[in-house]
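Each chain is listed here by its residues.
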Amino acid sequence: PPPIPLMAKKRYVFVEILEMYGLPFFRVDTKLSPQQPCNGWPGSRRCAPQKMSEVNLLPEPKFLPELHPTYRPAVLVNRAFESAARDTGAAVEVGIALEQADGSVFHHHTVLFPADHELAAHNFRHLERMVKFLLWQRGGWKIHLHGADAHVDALQEYYQTSELGKFDDDVIGVKNNGHSIEVVACAKLPAVNSQARPIGRHLDGCRIGFDLGGSDRKAAAVVDGEVKFSEEIVWDPYFEPNPDYHYEGIMDSLKRAAEHLPRVDAIGGSAAGCYSHNKVTWASLFRGVSPEDFDAKVRDMFLKISEEWNAPLEVINDGEVTALAGSMALGKNGVLGIAMGTSEGGGYIDMDGNITTWLSELAFAPVDLHPEAPPDEWSKDPGVGAQYFSQQAVGRLLPASGIEYDEELKLPDQLKLVQKLMEEGDERAFKIYDAIGIYLGYTLAHYADFYDFEYVLLLGRVTTGPGGEHIIERSKEVMASEFPELAERIKFHIPDEMEKRHGQAVAAASLPKIG
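Residues numbered from 1 in each chain as written. Predicted model: local features only at pLDDT ≥ 70, side-chain atom pairs only at ≥ 80, totals over all residues. Heavy atoms only, no water.

Enquirer: I tried to follow the pattern of salt bridges on my own but got confused; where do I start?
Expert: Where charged atoms from two side chains of opposite charge approach closely, those side chains can pair. In total, this model carries 29 salt bridges according to the counting rule given. R461 is the partner of E232 in a salt bridge, and the nearest nitrogen-oxygen pair spans 2.9 Å. Taken together, the residues E232 in strand β10 (residues 226-234) and R461 in the loop between β18 (455-459) and α12 (465-482) connect sequence positions 229 residues apart. Judged by its relative accessible area of 45%, E232 is partly exposed. Using a relative accessible area of 25% as the deciding quantity, one classes R461 as partly exposed. Two residues, D300 and K279, come together in a salt bridge whose shortest N-O distance is 3.9 Å. (Salt bridge = Lys/Arg side-chain N within 4 Å of Asp/Glu carboxyl O. Helix = DSSP H or I, 4+ residues; strand = E, 2+ residues; numbered from the N terminus. Buried < 20%, exposed > 50% of the residue type's maximum accessible area, 1.4 Å probe, protein only.)

This is the structure in structure tokens:
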């Protein structure tokens, strides 16, 4: 392909593209300050162009979305990098261990170019993107590196001083683990300490299940596993500064469901964000709330609700409940749940039917490693899941599709417009869903490098209607061609309308144990 001209994007990323033998070759730096103009994938401190190479570290996928020609799937970029490093005959084996506040430890392994190789300047970017994915997929505050001593200080500096790294430190480190992220070198990785526990599946009694999304809240009345009532109410919590808005909305939904029950024995809920022992540690639903109000009114909100209802209450991440709903419907384990709603929700039920301590906050995990992949509107990090598997993805692709629309429309209404056009057979709408289907095919292969799963459950408004059907079919086509072994192993679970409406609520309602 011809060289790709890229402009500096906003204030935090600039890109050099070099071309040799017709192949794009890149390096990335983040401009942090006038004193350190080139240290941002820190560790790559030289500003001079690297020696040209015929090695393509940014391979173009076989399936390329027409509306997104610079898409470079993480699975292909990572494999190209590791393959090129191993081809040197002197690849540096690197072990990564993430340690969580509860003592859980998880391992991952990769390779880097030897320090004296002409492509060694790319080592930091590869390592940082890999760790970035692990931080949001598994979670942890302490990063142990074996075989990458030269990058420890640079990675630590990245989390302390760069715009993108500080977001990871604040959310994953401080808010979720109670510690700033710490990067240490080690002669030997700490031993794996993985914890898992059973979740939900309690259907006895009179229960309320609720699901809190970014554009609507749902509640259902459930008696011995049978849904007696369910309701969906539009709300807009993301940028609301008053936490009373959230509290009153949740209580309203619970009261409306309770009207259809003789009593309330238990309440279970799913919500976007991270929750520990029914306390809110961090959640996009409350991003508009000040830190002071968060500590005073949000952190213990669900404990307060449990007391007021005098009933056991359990709330967990919505992605985990999505995976649980799929596992319950299928009667199978090893389920990866992906909810394409206001953002991307992720959840995982392991091969034994348990949930792990992994975060699975896939909305913030990189899936596109092109240096100028579209940035996330919140974290500003390029190429993360929310921009590919949510209403945000539809909104991002909409201008490129050629569809005329009112730019004042909010994302849910933009999605409704695209869905309507898709139902009418509009080719422009088709291209949007085609892009998301291609994204999904490559990203499931990427997820399979980190999760052991056999079933994929897709939920969320983006997956409804003929557009959702095409997303699945296109992703299957990508996997069959590019990852045939994975295509044979993975089975999609496509919920029917009844399950879509009630499955999440029943699964949420099943979370608490009565008595």
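Enquirer: I would appreciate a short explanation of the environment of G383 in the present structure.
Expert: Mapping G383 onto the fold places it in the loop between β17 (354-356) and α9 (391-401). Judged by relative accessible area, G383 falls into the buried class, the value being 0%. Sequence spacing of G383 and R72 is 311 residues, and the spatial spacing of their C-alpha atoms is 9.3 Å. Excluding residues that lie within four positions of it along the chain, G383 makes contacts with A365, P366, V367, D368, A373, P374 and Y388. (Contact = heavy atoms within 4.5 Å.)

Enquirer: Is there a simple way to explain the environment of V280 in this structure?
Expert: Counting through the fold element by element, V280 comes out in strand β13 (residues 279-282). Residue classification places V280 among the buried residues on the basis of a relative accessible area of 0%. Taking the C-alpha atoms as reference, V280 lies 7.7 Å from M301; in sequence the two are 21 residues apart. Setting aside residues up to four positions removed in sequence, V280 forms contacts with C274, Y275, F286, F294, V298, R299 and F302.

Enquirer: What's the story with the packing of helix α3 (residues 152-161) against helix α4 (residues 163-177) in this structure? I'm lost.
Expert: Relative orientation and spacing of two packed helices are given, respectively, by the angle between their axes and the distance between those axes. Taken N-terminus to C-terminus, the directions of α3 and α4 make an angle of 85°; their axes are 5 Å apart at the nearest point. With respect to each other, α3 and α4 are oriented roughly perpendicular. Seen from α3, the contacting residues are Y158, Y159, Q160 and T161; seen from α4, they are E163, L164, G165, K166, D168 and D169. For the contact of α3 with α4, the per-class residue count stands at three nonpolar, three polar and four charged. (Axes fitted to C-alpha atoms, helices over the stretch in contact; angles between N-to-C directions. Parallel < 35°, antiparallel > 145°, perpendicular 65-115°, else oblique. Nonpolar A, V, L, I, M, F, W, Y, C, P; charged D, E, K, R; others polar.)

Enquirer: Just to check I follow, could you spell out the packing of aromatic side chains for this structure?
Expert: Any two aromatic rings considered together are summarised by their centre-to-centre distance and by the angle between their planes. As enumerated under the stated definition, the model contains 28 aromatic pairs in all. For the ring pair W235 and Y245, a centre distance of 5.9 Å and an interplane angle of 20° mean the geometry is stacked. Placement of the pair is W235 in the loop between β10 and α5 (243-258) and Y245 in helix α5, with a sequence separation of 10 residues. Cation over ring: R287 sits above W378, and NZ or CZ is 4.1 Å from the ring centre. A cation over a ring is seen here: K304 above Y247, with NZ or CZ 4.4 Å from the ring centre. (Phe/Tyr/Trp six-rings, centres within 6.5 Å; stacked < 30°, edge-to-face > 60°. Lys NZ or Arg CZ within 6 Å of the ring centre and 35° of its normal.)

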